Amino acid sequence: MSEMFNAYSIKLINSLFLTLFFIASYVAIQVVILRKIKTKKTLNLVNVRLRYFLIALFLICFIKIWVDGFIQILAFIGFLSAAITITQKDNLMNLIGWLIINWRGLFHEEDYIKISNYIGYVKSIGILYFTLIEANNDFPSASTGRIIKVPNGMVARNPVTNFSQEKYVETTTSFIFRPNATFEMFELLFLILKHELIQYLKLQNSLALHPKEFDDIEIYEPKYLVKIRQEKPAGFEFVLMFYTKYQDKADMQFKINKIIVDFTRDNSDLVMAFD
């Protein structure tokens, strides 16, 4: 009886030291390494990976302390896993998808994503499914009122577009004008559009938690080009590329359309072509 008590005492002491060691390791890594990471999403991603790694390692060491013949049990688990793979293929893919989402940091809650034909805001991420609040494709900031449960396994078979990873996303739009237009008119039109878009970028930076200097926005300045279009409707194709927050894309598109319509009304040489 005393031998059994001594054996359990040793295991309890080892378990206690093991727990303290892993807690101390986690705190040390938080203090020494993670505090140097300034980006919130990067910090969350590293935190998730660190926790999963330490928990898995802790469970292996903990089981090895308390269970004799752990290697043989591990081999049995391997055979059992093979059987589960055959009978529970879909659920296993969903579990793998959950690991990919968290380990690779594909997206987080509240991110705006598109996967296959589904688009919306991530409400929650579960082990088998993640939940989307579906958004209107033309008005990204508006919800359709539908909640979609998407199997995690879809991330392994479909491209995932995350519109929340970067501050701004690129949009390209084009307009056709009759061939009597001049390139000087296009230049003047672009300057008006550029002013409106730059003002938008300045406003977004001023509303940010850590505003950047205006010089940093130069990479987001709008650009344009004029193509000669010979197929119907023939004329000049004015192509505009600009950056906005994805949620503001519809509003900015409306403002651009309004500026172009008002400009063509005031300048009779610039006429839009529709046929």
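Residues numbered from 1 in each chain as written. Predicted model: local features only at pLDDT ≥ 70, side-chain atom pairs only at ≥ 80, totals over all residues. Heavy atoms only, no water.

## What to know about the overall build of the chain
For step 1, the next point in the chain: In terms of helices and strands, the chain carries six helices and eight strands.
For step 2, the next point in the chain: The linear arrangement of helices and strands in the chain, starting from the amino end, is α-α-α-α-β-β-β-β-β-β-α-β-β-α.
For step 3, the next point in the chain: Counting every position in the chain, which comprises 275 residues, the buried fraction comes to 31%.
For step 4, the next point in the chain: The long-range fraction of contacts in the chain, counting pairs at least 24 apart against all pairs at least 6 apart in sequence, stands at 62%.
For step 5, the next point in the chain: Counting only carbon and sulfur atoms, one obtains 62% of the accessible surface of the chain, whose full area is about 18000 Å². (Helix = DSSP H or I, 4+ residues; strand = E, 2+ residues; numbered from the N terminus. Buried < 20%, exposed > 50% of the residue type's maximum accessible area, 1.4 Å probe, protein only. Contact = heavy atoms within 4.5 Å. Areas by Shrake-Rupley, 256 points an atom, 1.4 Å probe, with all protein chains shown as cover.)

## Notes on the pairing of strand 1 (residues 112-115)
For step 1, the next point in the chain: Here strand 1 pairs with strand 2 (residues 118-125) via four bridges, running antiparallel. Across the sheet, residue Lys114 finds its bridge partner in strand 2, namely Ile119.
For step 2, the next point in the chain: Counted along the chain from strand 1 to the antiparallel partner strand 2, the turn is two residues long, and its residue Ser116 has a positive phi close to 55°.
For step 3, the next point in the chain: The pairing of strand 1 with strand 5 (residues 160-162) spans three bridges and is classified as antiparallel. (Pairing = 2+ DSSP bridges.)

## Details of helix 5 (residues 183-207)
For step 1, the next point in the chain: For helix 5, which comprises 25 residues, the first-to-last C-alpha distance of 36 Å matches the rise-based estimate of 36 Å (1.5 Å per residue) to within 8%.
For step 2, the next point in the chain: Along helix 5, the residues classified as buried are Met185, Phe186, Leu189, Phe190, Leu193, Leu197, Ile198, Tyr200, Leu201, Gln204 and Asn205.
For step 3, the next point in the chain: Each element contacted by the buried residues of helix 5 is listed here: strand 6 (169-177), strand 7 (223-229), strand 8 (235-244) and helix 6 (249-266). (Expected span 1.5 Å × (residues − 1).)

## Focus on the packing of helix 5 against helix 6
For step 1, the next point in the chain: In the contact formed by helix 5 and helix 6, the axes pass within 11 Å of each other and the chain directions differ by 150°. Comparing the axis directions of helix 5 and helix 6 gives the class roughly antiparallel. Here helix 5 runs over helix 6; the crossing is right-handed. Contact residues: helix 5 offers Met185, Leu188, Leu189, Ile192, Leu193, Glu196, Leu197 and Tyr200, while helix 6 offers Met252, Lys255, Ile256, Ile259, Ile260 and Phe263. (Axes fitted to C-alpha atoms, helices over the stretch in contact; angles between N-to-C directions. Parallel < 35°, antiparallel > 145°, perpendicular 65-115°, else oblique. Left-handed = near helix turned anticlockwise from the far one by under 90°.)

## Description of the confidence of the model for the chain
For step 1, the next point in the chain: Predicted confidence across the chain gives a mean pLDDT of 81, with 82% of residues reaching 70 or more.
For step 2, the next point in the chain: Averaged over each element, pLDDT in the chain is lowest for helix 3 (residues 70-87) (57) and highest for strand 8 (94). (pLDDT = per-residue confidence, 0-100.)

## Describing the pattern of salt bridges
For step 1, the next point in the chain: Overall, the coordinates contain five salt bridges when judged by the stated rule.
For step 2, the next point in the chain: Of the charged contacts, one joins Arg146 and Glu134 as a salt bridge, the two residues approaching to 2.6 Å between their closest N and O atoms. With Arg146 in strand 4 (residues 143-151) and Glu134 in strand 3 (residues 129-135), the pair connects residues that are twelve residues apart, well separated along the chain.
For step 3, the next point in the chain: Arg229 is the salt-bridge partner of Glu231, the closest N and O atoms lying 3.7 Å from each other. (Salt bridge = Lys/Arg side-chain N within 4 Å of Asp/Glu carboxyl O.)

## Structural notes on unusual backbone geometry
For step 1, the next point in the chain: The omega torsion across Lys232 and Pro233 is -10°, close enough to zero to call that bond cis.
For step 2, the next point in the chain: On the secondary structure map, Pro233 appears in the loop between strand 7 and strand 8.
For step 3, the next point in the chain: Positive phi values are uncommon outside glycine, yet Glu110 reaches one of about 80°.
For step 4, the next point in the chain: Exposure remark for Glu110: the relative accessible area of 67% places this residue in the exposed category.

## Quick look at the packing of aromatic side chains
For step 1, the next point in the chain: Scanning all chains against the criterion turns up 15 aromatic pairs.
For step 2, the next point in the chain: One aromatic cluster is present, built from ring pairs that chain together Phe177, Phe183, Phe186, Phe190, Tyr224, Phe236 and Phe238.
For step 3, the next point in the chain: The ring of Tyr129 is capped by Lys149, whose NZ or CZ atom sits 5.2 Å from the centre of that ring. (Phe/Tyr/Trp six-rings, centres within 6.5 Å; stacked < 30°, edge-to-face > 60°. Lys NZ or Arg CZ within 6 Å of the ring centre and 35° of its normal.)

## A word on the sheet that holds strand 3
For step 1, the next point in the chain: Here we have five strands laid out as an open sheet, ordered 4-3-2-1-5, and antiparallel in their pairing. In this open sheet, the two edge strands, each paired with only one partner strand, are strand 4 and strand 5. Strand-to-strand twist across the sheet, computed as the mean angle between neighbouring axes with direction ignored, equals 35°.

## Some words on the nonpolar core
For step 1, the next point in the chain: Grouped together as the largest cluster of nonpolar side chains are 28 residues, with contacts concentrated most on Phe177, Leu189, Leu193, Phe238, Ile256, Ile260 and Leu270.
For step 2, the next point in the chain: Tallying contributions element by element places helix 5 first for this core, with nine residues.
For step 3, the next point in the chain: Leave out the neighbours within four places in its chain, and Leu189 touches Phe177, Phe238, Ile260, Phe263 and Leu270.
For step 4, the next point in the chain: Formed by eleven residues, the second largest nonpolar core is a distinct cluster that contains Ile101, Leu132, Met154 and Val155. (Core = buried A, V, L, I, M, F, W, Y, C linked by side-chain atoms within 4.5 Å.)

## Points about helix 6
One turn of the α-helix equals 3.6 residues, which is why residues spaced by three or four share an orientation.
For step 1, the next point in the chain: Compared with the 26 Å implied by 1.5 Å per residue over 18 residues, the 26 Å span of helix 6 between its first and last C-alpha is a close match.
For step 2, the next point in the chain: Here helix 6 has its buried residues at Ala250, Met252, Ile256, Ile259, Ile260, Phe263 and Thr264.

## As for the environment of Glu196
For step 1, the next point in the chain: Residue position: Glu196 is located in helix 5.
For step 2, the next point in the chain: For the pair Glu196 and Met252, spaced 56 residues apart in sequence, the C-alpha to C-alpha distance is 9.3 Å.
For step 3, the next point in the chain: Excluding residues within four positions of it along the chain, Glu196 makes contact with Lys255 and Ile259.

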